[in-house]
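What follows is each chain in one-letter form.
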Amino acid sequence: MTTSKKNTLITLVTLAVVTVVFLICQVGINTGAPWMTSTLKGQLVNICAWIMMAVSLNLVVGISGELSLGHAGFMSVGAFTAIIIASWLKRGKGMDSSWLRFVISAVAAVGISGLLGFLIGIPVLRLRGDYLAIVTLAFGQIISNVIRLLYVTVETDTGALHMALKLGTGTPKLSGKDVIKGAQGAMRMPQDSTFVIGFILVIITLIVVFNLTNSRSGRAIKAIRDNRIAAEAMGLKVTKYKLMAFVTGSALAGLAGALYGLNQSSLQAGFFEYTKSIEVLVYVVLGGIGTVPGSIVSATALTILPEVLRAFSEYRMLIYAVFLILVMILTNNPHTRMFFRSLRTRIFGRTDEEKRRDRL
Amino acid sequence: MSEVKRRSNTRMVPFPSDAIVPERDLGKTPVLEARHLGIQFGGLKAVDDFNLTVGPTEIAGLIGPNGAGKTTVFNLLTKVYEPTSGTVLINGHDTKGLDVAHTCRLGVARTFQNIRLFDKMTVEENIRIGLHNSIEYGMFTGILRLPGYWKKEKQQHEEAMRLLKIFNMQDMADVRSGSLPYGAQRRLEILRALATGPRLLLLDEPAAGMNPKETEDLMETIVRIRDDFQIAVMLIEHDMRLVMGICEGICVLNFGQVIAKGTAEEIQNNPVVIEAYLGKGKGEAK
């Protein structure tokens, strides 16, 4: 089997598995199955959002090879953009269709977070390794601090939208109803996200990332990751392709933010601090850097796990940490690797590459 | 060691300057002209007053002892370094201020002394990177899989296979390039450079680490590439059998300065070159 065919197969299998799981969950919701607990039901949309975050960060970290620690920053930009637009449409313009509201605010969220990714990417992608990580980390903090100072109101009768930043000590006086109130965050926003929308967005994210990776542009991105000097010597525009990966990643994070933001009853800027970025990075690393299906599995498992462990109250993060360490030990241990390889050989036979190595 | 067959009996003639080019290339715009090229790192003149003209179908050699500045010359020609003095003309275009990628698009492709493949990508993908600028489609065509995507992907695949055929590497198309044996990696680098559609191919020690049989094959392939693609090849090499066997014009560098230029015969009998690099007594160089 050729590599491109294998990649297509992986894509199709992943999409199929995601669809099947979605259908099973839908059936569970509709029939009121006992395993579909109310906690799990409440988490479904969030799981979709975190899958999107993990897959889009995988594009930046795994495919493009740049360590970004500000991914949650783009998510928060997307979330608050979507909240402002959706609240304005609902309370100011009286738009009733939640689908349409969601689509419009999601497009705005993608646009704004993509634009921000572009503006930040230009200076930041000149840096490498640790420096890039530090700058993106700082960016995430700046974003969350700016949003903490943001006041937005909407006038229900005229539909006017007012925005102000709190500079100095006085709180800005804006007329109309509060949408975002500084450090208290957003409240009373329309909860337009549904599990179906979440599923569609996950599929869109997967298709974008898979298709980009297996296209001319994606190969250029991977080539620059593997060997920047050789990529330049082959005539590739390094900055263009680094930006392409970074902007696509941040736009998708913005989309995930829109999904997440419009699923909450209230949301504070502080939620998206660097710890969230690192949490998403944990999903990516645990699922395997550069492996999209792995990101999906680990994002799902690690979103559900803390909820399941709620029974252990204060010990739950301890168990969570032990679990992370165990997974890392198990997946990177030569003995377990050998075990999995022999298992694979027994089932599928030797791969072409192994056969070739034997011949040499 | 067996007697080296001379593969070309080109007569080198003076180009209208102090340079020499193969007779058949006379009157054509040289693919490469380096004039008074030099670079200084701090107080050290790594390359000084380097002049060279390469005809559009010439196989040129650049030889000299270790540390003479041969790879630095390649880095100057491909604009990895911006020269501190002099000019580089590619097909008559001044490359002043251009970057590496732009110079490649002008028609200069290279391989590296220490192999630089995209080692997590397959052999075919490596070559497709070389085809990046000749068979193009945009990001959205790729994401949305528009008809252009399928057409161009097919073109890229066919072209990659055609190139792999040069070294009979078609059945390795799906191997991760990092897991190829050393010789195959060197050959893949040449193919990848060739995929960019160059007019000048720069090979940095293409025969390093190859056995005599492989070197012999490589010599034939380099000549065949030149004949089939009608391009110029310039190579750095320490294997004198290869250099003297296929290079038409040879340039000898020592301590960053050109100490001799000429045909294989002239270089072999040049006392300055024998003194600085070739050595004498064993008669091997002859």
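Note that the structure is predicted; figures quoted are calculated from it, not measured.

## Some remarks on the overall build of chain B
Alright, step 1. Across its full length, chain B carries 10 helices and 12 strands.
Alright, step 2. A compact globule built from 286 residues would reach a C-alpha radius of gyration of about 19 Å, and chain B, at 19 Å, matches this within 12%.
Alright, step 3. Expressed as lengths along the three principal axes of its C-alpha atoms, the size of chain B is roughly 65 × 45 × 40 Å.
Alright, step 4. Within chain B, buried positions represent 48% of all 286 residues.
Alright, step 5. A sequence separation of at least 24 residues applies to 68% of the contacts in chain B between residues at least 6 apart.

## Some thoughts on the overall build of chain A
Alright, step 1. Within chain A, the regular secondary structure consists of 14 helices and five strands.
Alright, step 2. Over its C-alpha atoms chain A spans a radius of gyration of 22 Å, differing by no more than 12% from the 21 Å that the globule rule assigns to 360 residues.
Alright, step 3. With the principal axes as the frame, chain A shows a C-alpha extent of 80 × 55 × 40 Å.
Alright, step 4. For chain A, the residues scored as buried account for 43% of the 360 residues in total.
Alright, step 5. In chain A, of all internal contacts separated by at least 6 residues, the share reaching a separation of at least 24 is 76%.

## Comments concerning the interface of chain A and chain B
Accessible area lost when the parts come together is the quantity often used to give the size of an interface.
Alright, step 1. Of the residues lining the interface, 28 residues belong to chain A; the matching set on chain B comes to 31 residues.
Alright, step 2. Those elements giving two or more residues to the side of chain A that touches chain B turn out to be α6 (195-213), α7 (216-226), α8 (228-233) and α14 (352-359) of chain A.
Alright, step 3. With eight residues, the top contributor of residues to the side of chain A that touches chain B is α7 of chain A.
Alright, step 4. Looking at the side of chain A that touches chain B, its residues break down into 11 nonpolar, eight polar and nine charged.

## Here's the deal with the sheet that holds strand β11 (residues 249-254) of chain B
Residues and elements named next belong to chain B.
Alright, step 1. If you walk across this open sheet you meet the six strands as β8-β9-β10-β5-β11-β12, and the pairing is mixed. The open sheet has two free edges, formed respectively by β8 (108-110) and β12 (257-262), since each of these has just one partner strand. Shown here is a sheet whose adjacent strand axes are inclined to one another by a mean of 20°, direction ignored.
Alright, step 2. Where helix α10 (residues 271-278) meets the sheet, it contacts β5 (59-63), β11 and β12, and its direction lies at approximately 125° from that of β12.

## Examining unusual backbone geometry
Residues and elements named next belong to chain B.
Alright, step 1. Not every positive phi belongs to a glycine, and Asp-49 is a case in point at roughly 45°.
Alright, step 2. By the element assignment, Asp-49 lies in strand β4 (residues 44-54).
Alright, step 3. Among the residues examined, Asp-49 registers 15 C-beta atoms within 10 Å and is labelled partly exposed.
Alright, step 4. One non-glycine residue, Arg-145, lies in positive phi territory at about 50°.
Alright, step 5. Tracing the backbone shows Arg-145 in the loop between α4 (139-144) and α5 (147-166).
Alright, step 6. Residue classification places Arg-145 among the partly exposed positions, given that 14 C-beta atoms sit within 10 Å.

## Re the domain arrangement of chain B
Residue and element names in this part refer to chain B.
Alright, step 1. Splitting chain B by domain gives domain 1 (1-107 + 198-286) and domain 2 (121-195).
Alright, step 2. Taking the mean C-alpha position of each, domain 1 and domain 2 sit 28 Å from one another.
Alright, step 3. If you look at the interface, domain 1 gives 10 residues, while domain 2 gives nine residues.
Alright, step 4. Among the elements of the structure, β9 (200-204) and α7 (212-229) are those that each provide at least two residues to the side of domain 1 that touches domain 2.
Alright, step 5. Counting residues per element, the side of domain 1 that touches domain 2 draws most heavily on α7, at three residues.

## What about the packing of helix α3 (residues 71-92) of chain A against helix α4 (residues 98-124) of chain A?
Residues and elements named next belong to chain A.
Alright, step 1. Contact geometry for α3 and α4: axes closest at 8 Å, N-to-C directions at 145°. In terms of crossing hand, the pair formed by α3 and α4 is right-handed. Within the contact between the two elements, α3 uses Phe-74, Val-77, Gly-78, Thr-81, Ala-82, Ile-85, Ala-86, Leu-89 and Lys-90 and α4 uses Arg-101, Ile-104, Ser-105, Ala-106, Ala-108, Ala-109, Ile-112, Ser-113, Leu-116 and Gly-117.
Alright, step 2. By residue class, the composition of the contact of α3 with α4 is 12 nonpolar, five polar and two charged.

## A closer look at helix α10 (residues 274-287) of chain A
Residue and element names in this part refer to chain A.
Alright, step 1. The end-to-end C-alpha distance of α10, which contains 14 residues, comes to 20 Å, matching closely the 20 Å that a straight helix rising 1.5 Å per residue would cover.
Alright, step 2. Taken across its 14 residues, α10 has 10 buried, putting it largely inside the fold.
Alright, step 3. Among the residues making up α10, those that are buried are Tyr-274, Lys-276, Ser-277, Val-280, Leu-281, Tyr-283, Val-284, Val-285, Leu-286 and Gly-287.
Alright, step 4. Residues of α10 that are buried make contact with α2 (38-63), α3, α5 (130-148), α11 (292-308) and α12 (316-332).

What counts and how
Each chain carries its own residue numbering, running from 1 in the written order of its sequence. Each chain takes a letter, starting from A, and each ligand takes a number, starting from 1, following the order in which they are written. Owing to the predicted nature of the model, reporting of local features is limited to residues with pLDDT of at least 70; listing and counting of side-chain atom pairs is limited to 80 or more, with chain, interface and lining totals taken over all residues. Where helices and strands are cited, they refer to DSSP runs of H or I of at least four residues and of E of at least two residues respectively, numbered from the N terminus. Throughout, radius of gyration means the C-alpha value; the globule benchmark is 2.2 Å times the number of residues raised to the power 0.38. Here the C-beta atoms are placed from the backbone, and a residue counts as buried if at least 20 other C-beta atoms lie within 10 Å of its own, exposed if 12 or fewer do, and partly exposed otherwise. Contact between two residues is assigned when their C-beta atoms, built from the backbone, lie within 7 Å. When residues are grouped by polarity, Ala, Val, Leu, Ile, Met, Phe, Trp, Tyr, Cys and Pro land in nonpolar, Asp, Glu, Lys and Arg in charged, and all others, Gly among them, in polar. A pair of strands is labelled paired if DSSP reports no fewer than 2 bridges between them. Fitting a line to C-alpha atoms yields each axis, with helices limited to the stretch in contact; the angle taken between N-to-C directions then spans 0 to 180 degrees. In this entry, domain limits derive from an automatic or database-based domain assignment. Each crossing gets its handedness from the near helix: less than a right angle anticlockwise from the far helix is left-handed, clockwise is right-handed. Take the residue count of a helix, subtract one, and multiply by 1.5 Å to get its expected span.

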